[in-house]
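Summary of structural features
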Number of protein chains: 2
Amino acid sequence: MQRQDIRIGWVGLGVMGLPMARHLGTAGYPLFVHTRTRAKAEPILAEGATWCATPQEIAQSSDVLFSMVGMPSENEEVFFGSAGVFAAKRCPSILVDMSTSDPSFARRLDAAAQTRGAHAIDAPVSGGDVGARNATLSIMIGGDAAACARAQPLFEKLGTRIVRQGGSGAGQMTKLVNQVCVAMNTLGMCEALMLAKRAQLDPQAVLDCIGPGAAASWSLANLAPRVLRGDLAPGFFIEHLAKDLRLADAAAGELGLDLAMLKRARACYEDLLNAGHGRKGTQAAVLLHR
Amino acid sequence: MQRQDIRIGWVGLGVMGLPMARHLGTAGYPLFVHTRTRAKAEPILAEGATWCATPQEIAQSSDVLFSMVGMPSENEEVFFGSAGVFAAKRCPSILVDMSTSDPSFARRLDAAAQTRGAHAIDAPVSGGDVGARNATLSIMIGGDAAACARAQPLFEKLGTRIVRQGGSGAGQMTKLVNQVCVAMNTLGMCEALMLAKRAQLDPQAVLDCIGPGAAASWSLANLAPRVLRGDLAPGFFIEHLAKDLRLADAAAGELGLDLAMLKRARACYEDLLNAGHGRKGTQAAVLLHR
């Protein structure tokens, strides 16, 4: 099939979704888009994408439908809501949830898709806003092997590390595993910088020295410089990481695992959320323990 | 001065100290060495280093004396003990403590050195056993600027990122900042792998996907593969990281900082120590929460 013949539906044009959808548009796929706040769609509409009023309307017009929204409640609405995907008369043959969701949601979504002769793939990503813009995301995939293979050329427009982890839900579980690392690396970086500043070290000289050694992390390389500039704007929202840590802690608990650091990290990000920092970037954990 | 004219003293030939001292020997500096267990010195003695029975004896014979030992009590003995450096009739003009010690120990050491017309430099490192072997360590330096400049050619044989952080103690404080990141990245990696295994994911496929993304860390790249091979041997001993986290937590407390993740990480490594895992590598935190 030619790219022009594969109509892409895309729901969710936030800090991650917008650059991702644009990569598919740039690659030549016809795009049908929806997001809660229409103004956020303007850049991609200007590039030729077609606006749809609802996810239901996108389902009518697309062959592969992607969702990249922030919260589980939104995803529930996108797929199962009264104007959602499953309210449409037809179903795209592949539904791809790139949001971070509960593994059990992925399985429920796939089951619903299969009753309509379609497949749902869970394909959450890692790499942040930088990865979304540069199409260097890691994509963690769960779902039917043949459906995943069909979607592969699309994933290749979005990321550089695309690994199928198993059946439905395995992508989401892998993402939760990823988020455990992300949260710990980020909180470690934040507490480290707080200690450096309080000890009156030069934080930039500290970063220059520790950045490439055993302390190295994506968070230290990408988020610590933002902290030093006083930039707490979101690459990744605290409210989203707090949600991911809730999901990860719940998943661990269901598996009979008591992960002490994960629980503490979850509490840190819940504290930040409760203090009103949910729409700041995850590096705003430097605001804890002031 | 020619390298042959600068006699190097080296105390401590463990998993870090031995490869580091060898780099200086290979570079052509005459070496005078001591370590608690003489058998550990055999490789470097075979390469031409001279054995000394005590740190005191090394102090008699060297111009620049390095210490790279594991625990604060050993360092106390190396410098201030009855057969220690300061028991010698002469003092090397530069003492370099590359162990991770309390910042206040660094200041005490420098004060003692200065009464003998010498300088002490605190120069702890990061980069683990791999960095020691490949001479790619990061070196965090505190001390008199002129003395640090004189030692710089020696540091350049050991590491690739050498940054003076300030006066005496600033190197040690920077190292503690580093260890906050190291501990958090390592514990995050361990809990992440425990979750992946318990969820019956393929841990290697998970690593392939999350390794290069926002979850990336030195720990994930270097220690997670060891965990998957069942290799809990020390690159870096749990007893040393536990000690470093005690120092970091104490330093934070003295500065009026209450760092929640650091406290929890310290408790995790104390638990491992108390369970008898002190001589395993830091990746043995996967043995927690079994």
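Residues numbered from 1 in each chain as written. Chains lettered and ligands numbered in written order. Predicted model: local features only at pLDDT ≥ 70, side-chain atom pairs only at ≥ 80, totals over all residues. Heavy atoms only, no water.

The transform that puts chain B on chain A rotates by 180° and translates by 0.0 Å along the axis, for an RMSD of 0.0 Å. In short, the pair behaves as if placed about a two-fold rotation axis. When C-alpha distances to the rotation axis are compared across chain B, the minimum falls at Ser217(B), with a value of 1.9 Å. The share of interface residues of chain B whose copies in chain A are also at the interface is 100%, consistent with both copies meeting through the same surface. (Least-squares fit on C-alpha atoms with pLDDT ≥ 70 in both. Contact = heavy atoms within 4.5 Å.)

With 58 residues of chain B at the interface, the matching set in chain A holds 58 residues. For the pair chain B and chain A, the interface holds zero salt bridges. One can count 24 residue pairs in polar contact (both at pLDDT 80 or more) joining chain B with chain A. Of all the secondary structure elements, the ones that give two or more residues to the side of chain B that touches chain A are strand E8 (137-142), strand E9 (159-166), helix H8 (170-198), helix H9 (203-210), helix H10 (218-222), helix H12 (238-254) and helix H13 (260-274) of chain B. Element by element, the count of residues in the side of chain B that touches chain A is highest for H8(B), at 20 residues. (Salt bridge = Lys/Arg side-chain N within 4 Å of Asp/Glu carboxyl O. Polar contact = N/O pair within 3.5 Å; in protein donor to acceptor, adjacent residues only side chain to side chain. Helix = DSSP H or I, 4+ residues; strand = E, 2+ residues; numbered from the N terminus.)

What follows concerns the domain arrangement of chain A. All names here are of chain A. Split into domains, chain A comes out as domain 1 (3-167) and domain 2 (173-289). Using only C-alpha atoms to locate each centre, domain 1 and domain 2 end up separated by 27 Å. Taken together, the 16 residues of domain 1 in the interface contact 15 residues of domain 2. In this assembly, domain 1 packs against domain 2 so that about 1,400 Å² is buried in total across both faces, 63% of it on carbon and sulfur atoms. On the domain 1 side of the interface with domain 2, the three residues burying the most area are Met 71, Thr 100 and Pro 103, jointly 32% of the side's total. In this structure, Asp 129 engages Arg 226 in a salt bridge whose closest nitrogen and oxygen atoms are separated by 3.7 Å. Connecting domain 1 to domain 2 are five residue pairs in polar contact (both at pLDDT 80 or more). Among the residues forming the side of domain 1 that touches domain 2, the class breakdown is eight nonpolar, six polar and two charged. (Domains from an automatic or database assignment. Buried area = accessible area lost by both parts, 1.4 Å probe. Nonpolar A, V, L, I, M, F, W, Y, C, P; charged D, E, K, R; others polar.)

Residues and elements named next belong to chain A. Here Ile 121 shows up in strand E6 (residues 119-122). Since its relative accessible area comes to 1%, Ile 121 is described here as buried. Residues in contact with Ile 121, not counting those within four places in the same chain, are Ile 94, Leu 95, Val 96, Asp 97, Ile 141, Gly 142, Ala 147, Cys 148, Ala 151 and Phe 155. (Buried < 20%, exposed > 50% of the residue type's maximum accessible area, 1.4 Å probe, protein only.)

The next thing to look at is the pattern of salt bridges. All names here are of chain A. All chains considered together, the criterion is met by 30 salt bridges over all chains. Here Arg 36 makes a salt bridge to Glu 74, at a shortest N to O gap of 3.6 Å. Placement of the pair is Arg 36 in the loop between strand E2 (31-34) and helix H2 (42-46) and Glu 74 in helix H4 (residues 72-80), with a sequence separation of 38 residues. Looking at Glu 74, the relative accessible area reads 18%, which means it is buried. Its salt-bridge partner being Lys 243, residue Asp 244 comes within 2.9 Å of it at the nearest N-O pair. Grouping residues by exposure puts Asp 244 and Lys 243 together as buried. Each of the salt bridges in this network shares a partner with another, and the network as a whole consists of Arg 246, Asp 249, Asp 258, Lys 263, Arg 266 and Glu 270.

Attention now goes to the confidence of the model for chain A. Caution applies to low-pLDDT parts of the model: their predicted coordinates are not meant to be read in detail. In the predicted model, chain A carries a mean pLDDT of 96, and 99% of its residues have values of at least 70. With pTM at 0.88, the complex prediction returns an ipTM value of 0.89. (pLDDT = per-residue confidence, 0-100.)

Position of Ser138(A) among the secondary structure elements: in strand E8 (residues 137-142). With relative accessibility at 2%, the residue Ser138(A) sits in the buried group.

Bringing the environment of Asp5(A) into the picture now. Residue and element names in this part refer to chain A. Here Asp 5 shows up in the segment before strand E1 (8-11). Given a relative accessible area of 44%, Asp 5 falls into the partly exposed group. Sequence-wise, Asp 5 and Asp 122 are 117 residues apart; in three dimensions their C-alpha atoms are separated by 23 Å.

This part takes up the pairing of E8(A). Successive residues of a regular strand alternate their side chains across the two faces of the sheet. Residues and elements named next belong to chain A. In terms of burial, E8 is largely enclosed, as six of its six residues are buried. Both faces of E8 are covered, namely the face carrying Leu 137, Ile 139 and Ile 141 and the face carrying Ser 138, Met 140 and Gly 142. Bridge count for strand E7 (residues 125-126) against E8 is two bridges, and the pairing is antiparallel. When the sheet's bridge partners are listed, Ser 126 is paired in E8 with Ser 138. With six bridges joining them, E8 and strand E9 (residues 159-166) adopt parallel strand pairing. The residue bridging Ile 139 from the neighbouring strand is Ile 162, located in E9. The parallel pair E8 and E9, bridged by helix H7 (residues 145-155), forms a crossover whose chirality is right-handed. (Pairing = 2+ DSSP bridges. Right-handed = clockwise from strand over helix to strand, strands pointing away.)

With that settled, consider the packing of aromatic side chains. Residue and element names in this part refer to chain B. By the definition in use, this model includes 10 aromatic pairs over all chains. Judged by centre distance (4.9 Å) and plane angle (20°), the rings of Trp 10 and Phe 66 are stacked. Linking Trp 10 in strand E1 (residues 8-11) with Phe 66 in strand E4 (residues 64-67), this pair joins segments that are 56 residues apart in sequence. The class of Trp 10 is buried, set by a relative accessible area of 0%. For the pair Phe 79 and Phe 86, a centre-to-centre distance of 6.4 Å together with 40° between the ring planes defines the contact as tilted. Take Phe 79: its relative accessible area is 0%, and that puts it in the buried class. (Phe/Tyr/Trp six-rings, centres within 6.5 Å; stacked < 30°, edge-to-face > 60°.)

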